[in-house]
Amino acid sequence: MGNDVLDALLSAFPLPTLAIDGTERIIAANTEALTLIGQQALGRNYVTMLRQPALLDAIEATLQDGQSRGTSYLGNDGAQDTTFRVSVRAVPGVGRNAAGAAILVFEDITHVEQASQMRRDFVANVSHELRTPLTALMGFIETLRGPARNDAAAAERFLNIMQDEAERMNRLVGDLMSLNRVEGDERVRPTEAVVLNDILDSTLRTLRSLAEEAGVTFEREFNGDPVHIMADADQLKQVFTNLIENAIKYGGSGGRVTVRVTTSGREPALRAPGVRVQIVDYGPGIDPVHLPRITERFYRADDHRSRALGGTGLGLAIVKHIINRHRGRLRVESTLGEGATFTVVLPMHENLR
Ligand SMILES: Nc1ncnc2c1ncn2[C@@H]1O[C@H](COP(=O)(O)OP(=O)(O)OP(=O)(O)O)[C@@H](O)[C@H]1O
Ligand SMILES: [Mg+2]
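These numbers come from a predicted model, not from an experiment. Numbering of residues starts from 1 in every chain and runs along the sequence as written. Chain letters and ligand numbers both follow the written order, the letters beginning at A and the numbers at 1. In keeping with the model being predicted, local features are shown solely for residues with a pLDDT of at least 70 and side-chain atom pairs are shown and tallied solely at 80 or more, while totals for entire chains, interfaces and linings include all residues. The basis for every side-chain value is the complete set of non-hydrogen atoms in the structure, without hydrogens or water.

**Q** Help me out: how do you make sense of the overall build of the protein in this one?
**A** Numbering goes from the N terminus for both helices and strands, where a helix is a DSSP run of H or I of at least four residues and a strand is a run of E of at least two. In terms of helices and strands, the protein carries 10 helices and 12 strands. Here the globule rule is a power law, 2.2 Å times the number of residues to the power 0.38, and the radius of gyration is based on C-alpha atoms. In terms of C-alpha radius of gyration, the protein reaches 30 Å, well past the compact-globule figure of 20 Å for 353 residues. In terms of principal-axis extent, the alpha carbons of the protein reach across some 90 × 65 × 35 Å. Residues classed as buried in the protein amount to 41% of the 353 residues present. Every residue pair with non-hydrogen atoms within 4.5 Å of one another is taken to be in contact. Here the analysis covers contacts within the protein between residues at least 6 apart in sequence; of these, 60% occur between residues at least 24 apart. Only the protein chains shown count as cover for residues, and the accessible areas themselves come from Shrake-Rupley with a 1.4 Å probe. A total of about 19,400 Å² of accessible surface is found on the protein, and carbon and sulfur atoms cover 51% of it. Charge convention: Lys and Arg are scored as positive, Asp and Glu as negative, and His as well as the terminal groups of each chain are ignored. Here the site of a charge means atom NZ of a Lys, CZ of an Arg, CG of an Asp or CD of a Glu. For the protein, the separation between the mean place of its 39 positive charges and that of its 45 negative charges on side chains is 1 Å. Per-residue accessibility, obtained with a 1.4 Å probe over protein chains only, is compared with the maximum for each type, and a residue is labelled buried under 20%, exposed over 50%, and partly exposed between these values.

Here it is, written out as structure tokens:
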């Protein structure tokens, strides 16, 4: 087979593909392969171009014994490290003196690697989060059986702490299940026609006593005009509950929380009619360094304070998924010392107005 035919065949391959013959030179490569390993690779010795021992060993062995092999190749696309699965196949009758060649096909498996890394991180985080209250519970059980056995006052105190810890575990498990559910139906469009005002009113009613305890008053900046949207009412209530609860828990020192609703016939973020719900607090705010990661699972801006307040760090991750399901957007703005503004933008359907 001539090199022209080989070039033509390789250029038709969608994956980075190249051929190396018995002279150890790269005799053909498609543009995808040149982008991956270097534009000047054609005609060069493969050892100088590929430079990764496992891959070099596989190529050398295949050229010698004509057996196929698989290995991996680590690259970098300028933005991130990438991982490729490489199959090295022997092809007889190609290359100098038709002595045979090795054909390499590179398959990008970066996303697979990333997904499994994320899974590992997630399991590690969950275990850690569960272990902390569990360790406390075990400690107190031991104390109640031993030193505090006949001390009724101490027992009462310990039981209170144990109850708090058990409740924390219960919240964590509840949030995990909730996250799992919203991730599961993220692609299913909500089909209920709901009135946004009612959801907000009901959320504010539910949180009134929490606000009173924290010395927070609600400023309700929306009028009676009903805003109709397609949504899952329970899920939206979950979104606003977490955002307003956060504003009370973390921004309550500001003394008030504003809930503002504005509608627009053309919402720039959606390029369609939309409604914005803003939850504004006047507390300490969030350091801008935290903002890009604030919706990640278990991410807490102020770790110690958030834990002390019983937070699981899953609230905003759930919020984010629910808003995605509703084809909406979440924006967070904050100036340290002046408070934080969480904006939820949701599409409004014209035929519902
Ligand atoms: N309004 C706010 N002001 C200051 N910090 C905030 C505010 N809202 C959220 N945060 C920070 O973002 C973190 C993540 O919030 P998130 O709702 O995801 O978790 P949580 O409130 O700790 O736990 P959960 O909501 O599951 O009870 C919080 O721990 C807190 O540090
Ligand atoms: Mg929260």
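**Q** Could you clarify how one ought to interpret the packing of aromatic side chains in this entry?
**A** Describing an aromatic ring pair means giving the distance of the ring centres and the angle of the ring planes. When two rings of Phe, Tyr or Trp (its six-membered ring) have centres within 6.5 Å they constitute a pair, described as stacked for plane angles under 30 degrees, edge-to-face for angles over 60, and tilted for the intermediate range. Within this structure, the stated rule accounts for 5 aromatic pairs. Between the aromatic rings of Phe 140 and Phe 158, the centroid separation amounts to 5.1 Å while the plane-to-plane angle is 35°, which identifies the pairing as tilted. Here Phe 158 lies in helix H6 (residues 152-184) and Phe 140 lies in helix H5 (residues 110-145), a separation of 18 residues in the sequence. The pair Phe 140 / Phe 158 is uniform in exposure class, with both members buried. Ring-pair connections join several aromatic residues into one group, and the members of that group are Tyr 73, Phe 84 and Phe 106. Whether a charge sits over a ring depends on NZ of Lys or CZ of Arg being within 6 Å of the ring centre and within 35 degrees of the ring normal. In this structure, Arg 220 is placed above the aromatic ring of Phe 222, and the distance from its NZ or CZ to the ring centre is 4.2 Å. A cation over an aromatic ring shows up here: Arg 297 above the ring of Phe 122, its NZ or CZ 4.4 Å from the ring centre.

**Q** Teacher, can you tell me more about the coordination of the magnesium ion (ligand 2) here?
**A** Around a metal, the idealised angle for a tetrahedral arrangement of four donor atoms is 109.5 degrees; for an octahedral arrangement of six donor atoms it is 90 or 180 degrees. Distances from the magnesium ion (ligand 2) to its protein donors, namely Asn 242 (OD1) and Asn 246 (OD1), fall within the range 2.2 to 2.3 Å. Linking Asn 242 with Asn 246, this pair stays in helix H8 (residues 233-251), spanning 4 residues, or about one helical turn. Comparing Asn 242 with Asn 246, the two get one shared label, buried. Coordination partners: N, O, S within 2.8 Å of the metal, 3.2 Å for Na, K and Ca; water not considered, so apparent gaps in a site are possible.

**Q** Would you take a moment to explain the packing of H6 against helix H10 (residues 315-325) for this structure?
**A** Each pair of packed helices can be described by the angle between their axes along with the distance between the axes. Note on method: axes are straight lines fitted to C-alpha atoms, helices fitted across the in-contact stretch only, with angles between N-to-C directions ranging 0 to 180 degrees. Taken N-terminus to C-terminus, the directions of H6 and H10 make an angle of 20°; their axes are 9 Å apart at the nearest point. Overall, the two elements H6 and H10 adopt an arrangement that is roughly parallel. As H6 runs across H10, the sense of the crossing is left-handed. Every residue of H10 that contacts H6 at Asp 175, Ser 178, Leu 179, Val 182 and Glu 183 is listed here: Ala 317, Ile 318, His 321 and Ile 322. Each residue gets one label: Ala, Val, Leu, Ile, Met, Phe, Trp, Tyr, Cys and Pro are nonpolar, Asp, Glu, Lys and Arg are charged, and the others, such as Gly, are polar. For the contact of H6 with H10, the per-class residue count stands at 5 nonpolar, 2 polar and 2 charged. Orientation categories follow fixed angle ranges, with anything under 35 degrees roughly parallel, anything over 145 roughly antiparallel, 65 to 115 roughly perpendicular, and all other angles oblique. By the definition used in this description, the sense in which the near helix is turned from the far one sets the handedness, with an anticlockwise turn below a right angle giving left-handed and a clockwise turn giving right-handed.

**Q** Where do I start with the sheet that holds strand E7 (residues 217-221) in this structure?
**A** In a beta sheet, neighbouring strands are held together by backbone hydrogen bonds and run either parallel or antiparallel to one another. Any two strands with at least two DSSP-identified bridges between them are counted as paired. Taken in spatial order, the 5 strands of this open sheet run E7-E9-E10-E12-E11, and their pairing is mixed. Strands at the two margins of the open sheet, each flanked by one partner only, are E7 and strand E11 (329-335). Within this sheet the neighbouring strands show an average axis-to-axis angle of 15°, counted without direction. Alignment of strand E10 (residues 272-281) against strand E12 (residues 339-347), held across 7 bridges, turns out to be antiparallel. Its bridge partner lying in E12, Gln 278 is registered against Thr 343. Helix H7 (residues 196-213) contacts E7, strand E9 (256-267) and E10 of the sheet and is inclined by roughly 170° relative to E7. Packing of H8 onto the sheet brings it into contact with E7, E9, E10 and E12, and relative to E10 it is tilted by some 30°.

**Q** Help me out: how do you make sense of the sheet that holds strand E1 (residues 17-21) in this one?
**A** Taking strand neighbours across the sheet as the criterion, the 5 strands line up as E2-E1-E5-E4-E3 in an open arrangement whose pairing is antiparallel. If you trace the sheet from one side to the other, it starts and ends with strand E2 (26-29) and strand E3 (69-76), each paired once. Taken over all neighbouring pairs, the strand axes of this sheet differ in orientation by 25° on average, direction set aside. Pairing of strand E4 (residues 81-91) with strand E5 (residues 101-108), which is carried by 8 bridges, proceeds in the antiparallel orientation. Following the sheet pairing, Val 91 is matched in E5 by Ala 101.

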